[in-house]
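# Report on the structure
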Amino acid sequence: MLVWILFLLCQVGAPALAQDLCQRDAPNGYKVRISLKTALGEDAYEWNQSEMFFFQATMAFAMRRHFQMETYNVDNIILCVQTSRVSFWFVVTSPDNTTMLIPKADVEKAVRMSRHRINNAFLLSDRTLEFLGIYPTLAAPVNPDTPPWLIVFGVVIGAVCAGIIALLVSSLLQKRRKEKGMTEDGQDEEDMQVKGVENGINLDGTYNRGFTDDDRFTKL
Amino acid sequence: KVVHRHRTATDSTRPGNWLDSEWDNPMQFVLACVSYAVGLGNVWRFPYLCQMHGGGGFLIPYMLMLVLLGVPLFYMELAIGQKMRLGSIGAWRAISPYLGGVGMASVVTSMYLCLYYNVINAWSFWYLFHSFQSVLPWAECPVNSNLTGPVEECERATPTQYFFYRETLDISGSIEENGGIHMGQALCLLLAWIIVYLFIVKGVKSTGKVVYFTATFPYLVLIIYLIRGVTLHGAINGVKYMFTPKMEQLAKPTTWINAATQIFFSLGLGFGSLIAFASYNQYNNNFEKQAIVVSMVNSSTSIFASIVTFSIYGFKATFNYESCLERVRLLLLNTFDLAEDTISLENVNHWIAELNRTHPEQFASLGGRLETCDLEAELDTAVEGTGLAFIVYSEAIKNMPVSQLWSVLYFIMLLLLGMGSMLGNVIAVITPLSDLKFISVLSYLVGLVCLFCLLLGLGFTTRSGNYWFTMFNDYGATFSLLFIVLIEVITVCYIYGIKRFEKDVEDMLGHRLNWYWKIMLAGVSPILLIALFIFYIVNYIQGGTPTYQAWNKELGKSVVTEYPPYAQAFIGLLLASSVCCIPLTALYTYCKKRNLASGKRERTVSTVSA
């Protein structure tokens, strides 16, 4: 009889005890916020008791993975204060002693270790499955050996310098060709000027010397 | 058949290898002027003025000033250049020996412009090269060393501001704090000067071909951007905002003053570039029609560019407004633990009122975290100058799909606009120097000028360089130009004589000066210029100590700081150095003539006595 009363008490008492362990702003608990519609839009699944069970299972997996020796179960993850936002609080109890809570720091380490797996289990990301208080580690910046801009710069400046060299070389060749042309028949250049070459077109006629640029020769 | 070039007493040909220096055809000249006049100011100053002075209503003073001030002065400079066939120094000396200093002042001002303007091209190159990455570097804040969050300075400011002030400029806290040269900037400046050298080394023969591209390609990019811009979400807000005229702004004198100065600087009057360009023209080139065409093209480009700018503005403002609404929505959802689909972007404001009513204590706990989102306030943030081009525009671009492509296109356009104007600036310096026959070989002269400007320009790539840049930008060319052009107009109309000018124009064009040109040049323009000049002096005196915007790293924003005394003295030096050329040269010429005259008298006296 006494045993039966005790058994009844335990059945009633245990969940009450669990409720005491998990509450809003529990010192060893974390608040979880899930944004299904933001993450999945129209493909968002409904958040119901089965999903909550899945969460418990995922957390138990994370705890097992971190501690490796202790066998955590879904009963060790206690959830409470569920809202329609989809947010809730959870605490983790030790598998050996269900009244003892696992400290916050250990839970954090477990979550950080398996964060990627937890996110993927729910098809969510760091931003849409938030553990308030556990900040995701940002990806380390990728530092290439040569910054990409320097490569583009090198290409452009190489092309421009090649252009300048080509220009100078071509003008040099032109000058040399002109000089060679002058030594062969030196009169041609003079005649071209005298005959009044305008824009390369040889105009017939006498060049009226009265209008040449005498300034060059008679400087004061 | 006698072949001769139409000559008058003041005509002269160019020495040595400049003999064949003429534009290949009049189209090259027009495109060169367009490329020079259509510059960065059309893209970043005109839209700002439009916004500040009442949107569509600003077009009225703008057009009026164009007709009264811009076109006649443009015409006058082209006429002088084409007639004298010399750069600014030689041309003004030929017009009036005492006022050869006007040309000198133009060259000094152009030199200042050359020094700092190419730094903008260096920045454009920097941004262009950084656009070839999968994620634009100004799209996100870099993470700090602990990998816990973004860098603090970036957090307080915005990623685009951080990229400009920290990674591009590595700016110091004030003009007094100097620092080393930013190597990336120095390399980009070197590239910019090498390209300028390449475009000018062969004189107008090379420049003439380059301007086909620099004058036309920006329009292509602007059209592409217009199509992209007006199809962006929220662009219509910006365009509506711009074109809603606020007629009461027309009553303020600042509106008219700003319209006049914008026309003035946008056309590039007084730098000597227009004289230099026109000096390579055929003697009988019809510059009258070309002056009108170029001025009209310049103004229409300003209006066109501001439509593009405002559609981008509208997109950015709408994007920021909607992001703000989204943040408020999330804050409300998280604080009150409501289901996700209860609050949408449309009824955020309704819910704020509702929740304030139903849960006042919890609402009060939100405190300062609740932002007010206002679209008008976003649109009202008017920015001009480098801030618009490099911060606001890049912020808008990073939110567009395929942002790398738009970024590349935009910065190529900025580069072409900047390079086109640079060509005019450098030619304005080189033409008179080559006329003075210091160095006979053109490529050496160009190389020397480019090297000189590059070395001095490296000063603008130091950590405090941007503050010196702003100083040059604000004071280097504004006041001195007004003075120069005022003296120019008075010289041509009253010292040289409007009658002589009329005869010269008739000589070149074949028909007499229209009454419009005569009235404007001799009457209206000088009066307007004097008014502008007086206004500038009054404004400067009333403004007190000149100030600048210093970037504060801790606050993550710019603060207004006063210039230290030595910087103020430098400003005075900038203003005085170009303006002083005019009276000093006049004095020098006067003394020389007096010595010559007294020398002759002495000799005659001695022969008589002997």
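Keep in mind that what you see is a predicted model, and the values were worked out from it rather than measured.

Attention shifts here to the overall build of chain B. Along its length, chain B carries 26 helices and three strands. Relative to a compact globule of 610 residues, whose C-alpha radius of gyration would be 25 Å, chain B shows 27 Å and is just as compact. Projected onto the principal axes, the alpha-carbon positions of chain B cover approximately 115 × 50 × 50 Å. Counting across all 610 residues of chain B, residues that qualify as buried make up 57%.

Let's shift gears to the packing of aromatic side chains. Using the criterion set out here, one finds 57 aromatic pairs over all chains in the structure. When the centroid spacing of 5.8 Å and the interplanar angle of 75° are considered together, the rings of Phe153 of chain A and Phe129 of chain B count as edge-to-face. Residue Phe153 of chain A is located in helix α5 (residues 148–184), and its partner Phe129 of chain B is located in helix α6 (residues 101–129); the two belong to separate chains. Both residues of the pair, Phe153 of chain A and Phe129 of chain B, count as buried. Note that Lys246 of chain B overlies the ring of Tyr241 of chain B, its terminal NZ or CZ placed 4.9 Å from the centroid. The lysine or arginine in question, Lys593 of chain B, covers the ring of Tyr98 of chain B, its NZ or CZ lying 5.5 Å from the ring centre.

Positive phi outside glycine occurs at Val81 of chain A, with the angle close to 50°. Relative to the elements of secondary structure, Val81 of chain A occurs in strand β2 (residues 77–83). Val81 of chain A gets classed as partly exposed once you look at its relative accessible area, which sits at 28%. For Asp337 of chain B, which is not glycine, the phi dihedral falls at a positive 50°. Mapped onto the secondary structure, Asp337 of chain B falls in the loop between α14 (287–336) and α15 (348–358).

Residues and elements named next belong to chain B. Mapped onto the present numbering, the UniProt feature "binding site: Na(+)" (unreviewed entry) falls on Ala37, Val38, Asn42, Ser266, Asn298, Leu417 and Ser421. These annotated residues cover 385 residues of sequence, but their C-alpha atoms sit close together, with the largest distance between any two at 12.6 Å. By the element assignment, Ala37 lies in helix α1 (residues 26–37). Beyond its immediate stretch of four places on either side in the chain, Ala37 contacts Asn42, Ser266, Leu267 and Asn298. Setting aside residues no more than four positions away along its own chain, Leu417 makes contact with Ser35, Val38, Gly39, Leu40, Val43 and Pro218.

What follows covers the confidence of the model for chain A. Residues and elements named next belong to chain A. On average, residues of chain A carry a pLDDT of 77, and 76% of them reach 70 or more. Across chain A, helix α3 (residues 49–67) holds the top mean pLDDT of 90, while strand β5 (residues 197–198) sits lowest at 45. The low-confidence segment residues 188–203, where pLDDT is below 50, has 16 contacts with residues more than four positions distant or belonging to other chains.

Here the focus is the packing of α6 of chain B against helix α22 (residues 478–495) of chain B. The angle between the axes and the distance between the axes are what describe a pair of packed helices. Residues and elements named next belong to chain B. Two numbers describe how α6 lies on α22: the axes approach to 10 Å, and their chain directions differ by 155°. In terms of orientation, α6 lies roughly antiparallel with respect to α22. For the crossing formed where α6 meets α22, the hand is left-handed. From α6, Val102, Ala105, Ser106 and Thr109 reach across to α22, where they touch Ser480, Leu481, Ile484, Ile487 and Glu488.

All names here are of chain B. For the coordinates displayed, the defined rule picks out two disulfides over all chains. Across a sulfur-sulfur distance of 1.9 Å, Cys141 and Cys154 are joined as a disulfide pair. Disulfide Cys141-Cys154: torsion about the S-S bond near -90°, hence left-handed. Taken together, the positions of Cys141 in the loop between α6 and α7 (152–156) and Cys154 in helix α7 put the pair 13 residues apart, joining distant regions of the chain. Cys141 sits in the partly exposed class, given a relative accessible area of 23%.

Once that is clear, we can look at the nonpolar core. Grouped together as the largest cluster of nonpolar side chains are 194 residues, with contacts concentrated most on Tyr75, Phe125, Trp193, Tyr225, Phe390 and Phe501 of chain B. Core analysis: the second largest hydrophobic core is formed by 29 residues, Ile77, Val86, Ile118 and Ile134 of chain A among them.

So, about the environment of Trp126 of chain B. Residue placement: Trp126 of chain B occurs in helix α6. Each C-alpha atom, one on Trp126 of chain B and one on Asn25 of chain B, is 35 Å from the other, the two residues being 101 residues apart in sequence.

Attention now goes to the environment of Thr545 of chain B. Residue and element names in this part refer to chain B. Position of Thr545 among the secondary structure elements: in the loop between α24 (515–542) and β2 (547–552). A residue is classified by how much of its surface remains accessible, and Thr545, at 31% relative accessible area, is partly exposed. Sequence-wise, Thr545 and Glu562 are 17 residues apart; in three dimensions their C-alpha atoms are separated by 6.6 Å. What Thr545 contacts, discounting residues up to four positions off in sequence, is Glu562 and Gln568.

Another point: helix α12 (residues 253–266) of chain B. All names here are of chain B. Along its 14 residues, α12 runs 20 Å from first to last C-alpha, staying within 8% of the 20 Å computed at 1.5 Å per residue. Extensive coverage of α12 is indicated by the burial of 10 of its 14 residues. Gly268, located one to two residues past α12, shows a positive phi value of around 70°.

Here the focus is the sheet that holds β2 of chain A. Residues and elements named next belong to chain A. Strand order in the open sheet formed by four strands is β2-β3-β1-β4, and the pairing between neighbours is antiparallel. This sheet does not close on itself; its edge strands, each paired only once, are β2 and β4 (129–132). Strand-to-strand twist of the sheet, defined as the mean angle between neighbouring strand axes without regard to direction, takes the value 25°. Direction of pairing for β2 relative to strand β3 (residues 87–92): antiparallel, over a ladder of five bridges. Looking at the pairing, Cys80 lines up with Trp89 of β3. With respect to the sheet, α3 is in contact with β1 (30–34), β2, β3 and β4, its orientation differing from that of β2 by roughly 140°.

This paragraph deals with the pairing of β2 of chain B. Where β2 of chain B lies against strand β3 (residues 557–562) of chain B, six bridges are found, and the strand directions are antiparallel. Paired with Asn552 of chain B across the two strands is Lys557 of chain B, which belongs to β3 of chain B.

Next up on the list: the packing of helix α9 (residues 183–200) of chain B against helix α19 (residues 403–435) of chain B. Residues and elements named next belong to chain B. Between α9 and α19, the least distance of the axes is 10 Å, while the angle of their chain directions is 65°. Between α9 and α19, the crossing angle belongs to the class labelled roughly perpendicular. When the axes of α9 and α19 are compared, the crossing they make is right-handed. Counted together, Ala192, Trp193, Ile195, Val196, Phe199 and Ile200 of α9 and Met419, Met422, Leu423, Val426, Ile427 and Ile430 of α19 form the full contact between these two elements.

Residues and elements named next belong to chain B. For α15, the complete set of buried residues consists of Val348, Ile352 and Leu355. Buried residues of α15, viewed axially, fall in a sector of 75°; they line one side. With respect to the buried face of α15, the exposed residues turned more than 90 degrees away are Asn349, Ala353 and Arg357. Against α14 and α16 (360–364) lie the buried residues of α15.

Right, let's talk about a nonpolar patch on the surface for a bit. Residues and elements named next belong to chain A. On the surface, Met1, Leu2, Trp4 and Ile5 cluster together to form a nonpolar patch covering roughly 520 Å² of accessible area. Relative to the assigned elements, Met1 resides in the segment before α1 (2–21). Overall, Met1 belongs to the exposed group, its relative accessible area being 76%.

UniProt marks residues 149–173 of chain A with the feature "transmembrane region" (unreviewed entry), using the numbering shown here. Secondary structure over residues 149–173 of chain A splits into 100% helix and 0% strand, and the C-alpha atoms at its two ends are 36 Å apart.

Let us now look at the side chain of Asn258 of chain B. Here Asn258 of chain B shows up in helix α12. Not counting residues up to four positions away in its chain, the partners in contact with Asn258 of chain B are Arg45, Leu49 and His53 of chain B.

Cut-off values and rules
Sequence order sets the numbering: in each chain, residues are counted from 1 along the sequence as written. Labels follow written order: the first chain is A, the first ligand is 1, and so on. Given that this is a predicted model, residues contribute local features only at a pLDDT of at least 70 and side-chain atom pairs are listed and counted only at 80 or more, while totals for whole chains, interfaces and linings are drawn from all residues. Note: side-chain values were computed over all heavy atoms of the structure, leaving out hydrogens and water. Secondary structure elements are defined from DSSP: runs of H or I of at least 4 residues count as helices, runs of E of at least 2 residues count as strands, and each element is numbered from the N terminus. In this description the radius of gyration comes from C-alpha coordinates, and the expected globular size is given by 2.2 Å times residues to the power 0.38. Relative accessibility under 20% of the residue-type maximum defines a buried residue, over 50% an exposed one, and the middle range a partly exposed one, all with a 1.4 Å probe and only protein chains included. Stacked, edge-to-face and tilted labels apply to pairs of Phe, Tyr and Trp rings (six-membered ring for Trp) whose centres lie within 6.5 Å, assigned for plane angles under 30 degrees, over 60, and everything in between, in that order. Charge-over-ring contacts are defined here by two conditions on Lys NZ or Arg CZ: a distance within 6 Å of the ring centre and an angle within 35 degrees of the ring normal. UniProt positions are given in the numbering used here, feature names are shortened, and annotations may be inferred rather than shown by experiment. Contacts are residue-level and defined by heavy atoms, with any inter-residue pair within 4.5 Å sufficient. Predictor confidence is given residue by residue as pLDDT, running from a minimum of 0 to a maximum of 100. Where helices are involved, their axes are fitted lines through C-alpha atoms of the stretch in contact, as for all axes, and angles between N-to-C directions lie from 0 to 180°. By definition in this entry, angles of less than 35 degrees are roughly parallel, angles greater than 145 are roughly antiparallel, angles of 65 to 115 are roughly perpendicular, and the rest are oblique. For any helix crossing, the convention is left-handed if the near helix is rotated counterclockwise from the far helix by under a right angle, and right-handed if that rotation is clockwise. Disulfides are defined as cysteine sulfur pairs within 2.5 Å. Here the nonpolar core consists of buried residues drawn from Ala, Val, Leu, Ile, Met, Phe, Trp, Tyr and Cys, with membership extended through side-chain atoms lying within 4.5 Å. Each residue after the first adds 1.5 Å to the expected span of a helix. Whether two strands pair depends on DSSP finding at least two bridges between them. Directions are taken from the helix axis to each C-beta atom, and the arc is the one they span. Grouping into patches uses exposed residues only, defined as over 30% relative accessible area, and leaves out salt-bridged ones; the cut-off is 9 Å for like charges and 5 Å for nonpolar side chains (Val, Leu, Ile, Met, Phe, Trp, Tyr). Exposure was quantified through the Shrake-Rupley algorithm and a 1.4 Å probe, taking into account, for residues, occlusion by the shown protein chains and nothing else. Any carboxyl oxygen of Asp or Glu within 4 Å of a side-chain nitrogen of Lys or Arg constitutes a salt bridge here.

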